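# Observations on chain architecture
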Amino acid sequence: MTQLAARPVSQAVEFLFKVSKEIPSFAVVLGSGVKVLEDLPEQVNVSYEEVFGISPGVVGHAGSLTLGRVGGKLVAVLRGRFHLYEGYDFETVTLPARVVREWGVPNLYLTNAAGGMNESFHVGDLMLITGYKDHLHPRYQQTGLLPALKSAPVDCRNKLTDHLLAVSKRLNVQDVDFRSLRTGVYAGLLGPSYETLAEIDMLKKLKADAVGMSTVTELEAVRGSSTTAAAISVVTNVWSPDEIIGGHEEVLTAAREASQRLDRLFRAAIADYSPETI
Ligand code: HPA
């Protein structure tokens, strides 16, 4: 399997230092269908294969790392990720996040597409992840999922999530099309199929607001390090008992429109950022 060729973190970082002597202020990992931070000034592109030795196999994941400027700050945009459901191991799935950490990037935004379970959510909402439930970690292969189901969500609020909330409130006032940023708990499940209705029922009882198949592993990979992470879910479908979930076209349109709002949020937040003020 291709994952055998994955580079060690140190080699990937060495390569990135050859591409850029300057360490980016932000790294942004984009989930499926999330299109933001395109056409940045001073753009330089490298492929995932050049950086990590491997590239993602999921359609909609480009597998490229782009360096460019937002408000004068250097930003690395990582288009693509590796999922456990593709058969990659935990090490490979966390490789991009661990490389970002070892590269010395102080701030990491993670994004994903997720199913909304909070019944006040709408398709196209953006949800800042304030807590997560990890149902993915390999330790559950030994223990079963019961400990994960019983445990409280992990709190992942920090200066970066607070800053995104503050910037979103400002955009909400300035920009009529900008919907408020939602907040909530993200449940990470293995997939690859969407949940059964019984699983959705269970996750709702566990007070999860959104469900997806990524991000938790990356949040854990940088936890406690000098890289601070904030994650946002694009709600592409809503699990509601009395509402027909949108058709494929509707979901794609909602994701596209949500990406435009997310793009405005990230550009404003990165431009506004200063280590002293957040
Ligand atoms: N479940 C899991 N992953 C997802 C969903 C969902 O409903 N929507 C987008 N990614």
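Residues numbered from 1 in each chain as written. Predicted model: local features only at pLDDT ≥ 70, side-chain atom pairs only at ≥ 80, totals over all residues.

Before going further, it helps to spend a moment on the overall build of the protein chain. Looking only at helices and strands, the protein chain has 10 helices and 10 strands in total. A globule of 278 residues ought to have a C-alpha radius of gyration of about 19 Å, and the protein chain, at 18 Å, matches this closely. In terms of overall dimensions, the protein chain has a C-alpha envelope of 55 × 50 × 35 Å along the principal axes. For the protein chain, with 278 residues in total, the buried portion stands at 45%. When contacts within the protein chain are restricted to residue pairs at least 6 apart in sequence, those whose partners lie at least 24 apart make up 78%. (Helix = DSSP H or I, 4+ residues; strand = E, 2+ residues; numbered from the N terminus. Rg over C-alpha atoms; globule rule 2.2 N^0.38 Å. Buried ≥ 20, exposed ≤ 12 C-beta atoms within 10 Å, placed from the backbone. Contact = placed C-beta atoms within 7 Å.)

Listing the buried residues of helix H1 (residues 9-19) in full gives Val-9, Ala-12 and Leu-16. Angular distribution of buried residues about the axis of H1 spans 65 degrees; they occupy a single face of the element. Residues of H1 that are exposed and point over 90 degrees away from its buried face: Ser-10 and Lys-18. On its buried face, H1 sits against helix H2 (48-52) and helix H4 (95-103). (Arc of directions from axis to C-beta.)

This part is about unusual backbone geometry. Residues Gly-191 and Pro-192 are joined by a peptide bond in cis, for which omega reads 5 degrees. Residue placement: Pro-192 occurs in the loop between strand E8 (182-188) and helix H8 (197-205). In the Ramachandran plot, Asp-39 falls in the positive-phi region, its phi being about 50 degrees despite a non-glycine side chain. Mapped onto the elements, Asp-39 comes out in the loop between strand E1 (26-30) and strand E2 (44-47). You can call Asp-39 exposed: it has 7 C-beta atoms within 10 Å. Positive phi, close to 70 degrees, is recorded for Thr-215, a residue that is not glycine.

This brings us to the site of the ligand. The local shell around the ligand consists of Ala-113, Ala-114, Gly-115, Tyr-194, Glu-195, Val-211, Gly-212, Met-213, Thr-236 and Asn-237. Contributing elements (two or more residues each) for the shell around the ligand: strand E5 (107-116), strand E9 (210-212) and strand E10 (228-238). The residue inventory of the shell around the ligand, partitioned by class, reads five nonpolar, four polar and one charged. (Near = placed C-beta within 6 Å. Nonpolar A, V, L, I, M, F, W, Y, C, P; charged D, E, K, R; others polar.)

So, about the nonpolar core. Formed by 81 residues in total, the largest nonpolar core has its most connected members in Ala-27, Val-28, Leu-108, Val-234, Leu-262 and Phe-266. When residues in this core are grouped by element, the largest group, nine residues, is from helix H10 (residues 248-272). (Core = buried A, V, L, I, M, F, W, Y, C linked by C-beta atoms within 7 Å.)

A word on the packing of H1 against H4. Running from amino to carboxyl end, H1 crosses H4 at an angle of 60 degrees, the nearest separation of the two axes being 9 Å. What the angle tells us is that H1 and H4 run oblique. Crossing of H1 against H4: the hand is right-handed. On H4, the residues touching Val-9, Ala-12, Val-13 and Leu-16 of H1 are Arg-98, Val-99, Glu-102 and Trp-103. In the contact of H1 with H4, the residues fall into six nonpolar, no polar and two charged. (Axes fitted to C-alpha atoms, helices over the stretch in contact; angles between N-to-C directions. Parallel < 35°, antiparallel > 145°, perpendicular 65-115°, else oblique. Left-handed = near helix turned anticlockwise from the far one by under 90°.)

On the secondary structure map, Asn-45 appears in strand E2. C-alpha separation for the pair Asn-45 and Ser-64, spaced 19 residues apart in sequence, amounts to 6.8 Å. Setting aside its immediate chain neighbours within four residues, Asn-45 contacts Ser-64 and Thr-66.

Right, let's get into the pairing of strand E3 (residues 64-70). The pairing of E2 with E3 spans four bridges and is antiparallel. Within E3, the position partnered with Val-46 by the bridge is Leu-65. Connecting E3 to the antiparallel partner strand E4 (residues 73-79) that follows it, the hairpin turn spans two residues, and Gly-71 within it adopts a positive phi of roughly 55 degrees. (Pairing = 2+ DSSP bridges.)

The next point concerns the confidence of the model for the protein chain. Any region with low pLDDT has predicted coordinates that should not be read closely. Per-chain confidence: the protein chain averages 89 in pLDDT, with 91% of residues scoring 70 or above. When pLDDT is averaged over each element of the protein chain, H4 comes out on top at 98 and helix H5 (residues 139-143) at the bottom at 79. (pLDDT = per-residue confidence, 0-100.)

What follows deals with the pairing of E8. Of all seven residues in E8, six are buried; the element is thus mostly enclosed. Strand direction decides the pairing type here: strand E6 (residues 126-134) and E8, joined by seven bridges, are parallel. For Leu-128, the partnering residue across the bridge sits in E8 and is Thr-183. Where E8 meets E9, three bridges bridge the pair, whose relative direction is parallel. By the bridge assignment for E9, Ala-187 is matched with Val-211.

This next bit is on the environment of Val-46. The topology assignment puts Val-46 in strand E2. Looking at Val-46, the number of C-beta atoms within 10 Å reads 17, which means it is partly exposed. C-alpha separation for the pair Val-46 and Leu-16, spaced 30 residues apart in sequence, amounts to 9.2 Å. Val-46 has contacts with Val-19, Val-51, Ser-64 and Leu-65, leaving out every residue within four places of it along the chain.

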